[in-house]
Amino acid sequence: MKIAKFLGNKEIDFVDVKEPSIEKDDDVKIAIQYCGICGSDLGAYAYPPLVVPSNLSKGEPPYAQGHEFTGIVVEVGKNVTRFKVGDRVTAEPLMYCGECEECRSGHYNVCEQITCLGYAADGAFAQYIVMDERNVHMLPSNIDFKVGTLIEPTGVGYGAVVDSGLKFQDSCVIFGAGTIGLMAMQTANAIGAKMTIVVDVVEERLALAKEMGATYTINAIKENCVERIKELTGRGADVVIEAAGTQQTFNNAIDCAKIHGTIQVVAMYHQPIVIENQVTFMGHDLTLKMSSAAYNNRFDDILRLISEGKLTPQKLISKEIELDHLVDEGIEVLLKDKTLYKILVKCS
Ligand SMILES: [Zn+2]
Ligand SMILES: [Zn+2]
């Protein structure tokens, strides 16, 4: 089968490899239909790759990237009960042990050995993949293969807001109108936030934020966003979601939170960040939390919210390309054009 191996240092090799096969009785083999290109794939491609070594790593690097995918079940191991050949599915890309204290308490997303497809095993920029049944989820009939690829990134934004403890009628500021930021904004609206304020520097992104339900948008180049947030909220934001990933947005997040507010960071920083405004940070008794793939045991809720139209990630699909053009029409284009959201790679 065809697979796109990521060699590091902006190099991806399209190679023919043996199709993966069912190894365990709990395995499900999936013919991949679409796989979305994630910001973290771009990050690894353009910056030093994020390495997540673990005892659970499979095979030998280099690995193919890709962890936001949908497909059709083509074979199941003999213990698989929830799926049969022909089922339409998506999957959680996390690889976890299932035995450590975190796994046993339901927090398998922070398993002591946590790792992820595309970082420590071949991901889904390929034609087939084999997954443990526990990772696989059925797609509802009204979610197609394209929209289904958005469930994983939606889960990252959803998980950040749920983990922040945002309550009904809280105000929520979101820095970064990318995929994660916008799905966090819609989640905050679904929970019943009093207002959602999205801050970015790209007008097209702010326009989409508005279209998808943001109460207010702020262009941080044109306005002093901290002042404007204070004006809109009165005392500052109850919850700030930092989904932009720069020192400036991190500083702004601290400055615009209310006393006792919470800052939930869900961005990946490509350089170390510091707490520059420590007087505010300490003096306001702020809470700083971080999360990444906080969608443990939450995929079913997310699938339902999308199915019911309460979350609309389908608006984030910018275009579709063939696997052979992953680099020239996909990754390289996304690195340059910040008005684009998801490019979906057709894998079958
Ligand atoms: Zn992702
Ligand atoms: Zn574990």
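Cut-offs applied
- Residues numbered from 1 in each chain as written.
- Chains lettered and ligands numbered in written order.
- Predicted model: local features only at pLDDT ≥ 70, side-chain atom pairs only at ≥ 80, totals over all residues.
- Heavy atoms only, no water.
- Patch = residues over 30% accessible without salt bridge, like charges linked within 9 Å, V, L, I, M, F, W, Y side chains within 5 Å.
- Areas by Shrake-Rupley, 256 points an atom, 1.4 Å probe, with all protein chains shown as cover.
- Salt bridge = Lys/Arg side-chain N within 4 Å of Asp/Glu carboxyl O.
- Helix = DSSP H or I, 4+ residues; strand = E, 2+ residues; numbered from the N terminus.
- Buried < 20%, exposed > 50% of the residue type's maximum accessible area, 1.4 Å probe, protein only.
- Expected span 1.5 Å × (residues − 1).
- Contact = heavy atoms within 4.5 Å.
- Donors = N, O, S within 2.8 Å, 3.2 Å for Na, K, Ca; no water.
- Core = buried A, V, L, I, M, F, W, Y, C linked by side-chain atoms within 4.5 Å.
- Axes fitted to C-alpha atoms, helices over the stretch in contact; angles between N-to-C directions.
- Parallel < 35°, antiparallel > 145°, perpendicular 65-115°, else oblique.
- Left-handed = near helix turned anticlockwise from the far one by under 90°.
- Nonpolar A, V, L, I, M, F, W, Y, C, P; charged D, E, K, R; others polar.
- Polar contact = N/O pair within 3.5 Å; in protein donor to acceptor, adjacent residues only side chain to side chain.
- Pairing = 2+ DSSP bridges.
- Phe/Tyr/Trp six-rings, centres within 6.5 Å; stacked < 30°, edge-to-face > 60°.
- Lys NZ or Arg CZ within 6 Å of the ring centre and 35° of its normal.

**Student:** I keep staring at a nonpolar patch on the surface and nothing clicks. Help me out?
**Tutor:** Together, Ile275, Leu288 and Met290 make up an exposed nonpolar region whose accessible area comes to about 250 Å². Within the secondary structure layout, methionine 290 lies in strand 15 (residues 287–290). Methionine 290 sits in the exposed class, given a relative accessible area of 58%.

**Student:** Help me understand helix 5 (residues 179–191) in this model?
**Tutor:** Since there are 3.6 residues in each turn of an α-helix, residues three or four apart along the chain are aligned in direction. Helix length check: helix 5, at 13 residues, gives a terminal C-alpha distance of 18 Å against a target of 18 Å (1.5 Å per residue), a fit within 8%. Turning to helix 5, its buried residues are Thr179, Gly181, Leu182, Met183, Ala184, Met185, Gln186, Thr187 and Ala188. Tucked inside the fold, the buried residues of helix 5 contact helix 4 (151–164), strand 10 (171–175), strand 11 (195–200), helix 6 (203–211), strand 13 (237–242) and strand 17 (342–346). Once helix 5 finishes, glycine 192 follows within two positions and takes phi at roughly 105°, a positive value.

**Student:** Looking at this model, I keep getting lost on the pattern of salt bridges. Mind explaining?
**Tutor:** Between side chains of opposite charge, pairing is possible as soon as their charged atoms come close. If you walk through the whole model with that rule in mind, you get 20 salt bridges. Across the salt bridge formed by arginine 82 and glutamate 133, the nearest N and O atoms sit 3.8 Å from each other. With a gap of 51 residues between them, arginine 82 in the loop between strand 4 (68–76) and strand 5 (88–91) and glutamate 133 in the loop between strand 8 (128–132) and strand 9 (136–138) connect regions that are remote in the sequence. Among the residues examined, arginine 82 registers a relative accessible area of 43% and is labelled partly exposed. Arginine 304 serves as the salt-bridge partner of glutamate 308, at 3.8 Å between the closest nitrogen and oxygen. Overall, the relative accessible area of 42% leaves arginine 304 in the partly exposed class. In this structure, a network of salt bridges that share partners links the residues Asp301, Arg304, Glu308 and Lys310.

**Student:** How should the coordination of the zinc ion (ligand 1) be read in this particular structure?
**Tutor:** In ideal tetrahedral geometry, four donors around a metal make angles of 109.5 degrees, whereas ideal octahedral geometry with six donors gives angles of 90 or 180 degrees. Those donors, Cys38 (SG), His67 (NE2) and Glu68 (OE), are the protein atoms that reach the zinc ion (ligand 1), and they lie 2.1 to 2.4 Å from it. Given the relative accessible area of 4%, histidine 67 is considered buried.

**Student:** What exactly am I supposed to notice about the nonpolar core here?
**Tutor:** Soluble globular proteins tend to pack their nonpolar side chains together in the buried interior. Core analysis: the largest hydrophobic core is formed by 49 residues, its most contacted members being Ile151, Leu182, Val198, Ile241 and Leu316. At the level of secondary structure, the elements contributing two or more residues to this core comprise helix 3 (145–148), helix 4, strand 10, helix 5, helix 6, strand 13 and helix 10 (299–307). With residues up to four places along the chain from it excluded, the contact list for isoleucine 241 reads Ala160, Val161, Ser164, Cys172, Val173, Ile174, Phe175, Ala184, Gln264 and Val266. Within the second largest apolar cluster, 39 residues are counted, among which are Ala4, Ile12, Leu42 and Phe125.

**Student:** Honestly, the packing of helix 7 (residues 225–233) against helix 8 (residues 247–256) in this entry has me stumped. Any pointers?
**Tutor:** Close contact between helix 7 and helix 8 brings their axes to 9 Å; oriented N to C, the two are set at 30°. Considered as vectors, helix 7 and helix 8 are oriented roughly parallel to each other. When you trace helix 7 past helix 8, the crossing you get is right-handed. In this structure, helix 7 contributes Cys225, Val226, Ile229 and Lys230 to the contact, and helix 8 contributes Asn252, Asp255 and Cys256. When its residues are assigned to classes, the contact of helix 7 with helix 8 shows four nonpolar, one polar and two charged.

**Student:** Would you mind going over the environment of asparagine 296 with me for this structure?
**Tutor:** Tracing the backbone through its elements, the reader meets asparagine 296 in the loop between strand 15 and helix 10. Each C-alpha atom of the pair asparagine 296 and threonine 249 lies 27 Å from the other, and the pair is 47 residues apart in sequence. Within the structure, asparagine 296 has its side chain in polar contact with the backbone oxygen of glycine 106 (distance 3.0 Å).

**Student:** Honestly, the sheet that holds strand 15 in this entry has me stumped. Any pointers?
**Tutor:** The strands that make up a sheet are held in pairs by hydrogen bonds between backbone atoms, and each pair lies either parallel or antiparallel. Ordered by their spatial adjacency, six strands build an open sheet running 12-11-10-13-14-15, and the pairing between neighbours is parallel. Among the strands making up the open sheet, the edge pair consists of strand 12 (216–219) and strand 15. Recorded for the sheet is a direction-independent mean angle of 20° between the axes of neighbouring strands. Where strand 13 meets strand 14 (residues 257–265), five bridges bridge the pair, whose relative direction is parallel. Each bridged residue has a counterpart across the sheet, and for glutamate 242 the counterpart in strand 14 is valine 265. Those strands touched by helix 5 are strand 10, strand 11 and strand 13, and its axis lies near 170° from that of strand 11. Together, strand 11 and strand 12 form the strand contacts of helix 6, whose direction differs from that of strand 12 by roughly 175°.

**Student:** Just checking my understanding: could you explain the packing of aromatic side chains for this structure?
**Tutor:** Geometry of an aromatic ring pair is reported as the spacing of the ring centres plus the angle between the planes. Scanning the model with the defined rule gives four aromatic pairs in all. The lysine or arginine in question, lysine 29, covers the ring of tyrosine 128, its NZ or CZ lying 5.0 Å from the ring centre. The positively charged end of arginine 205 is found above the aromatic ring belonging to tyrosine 341, 4.7 Å away from the centroid.

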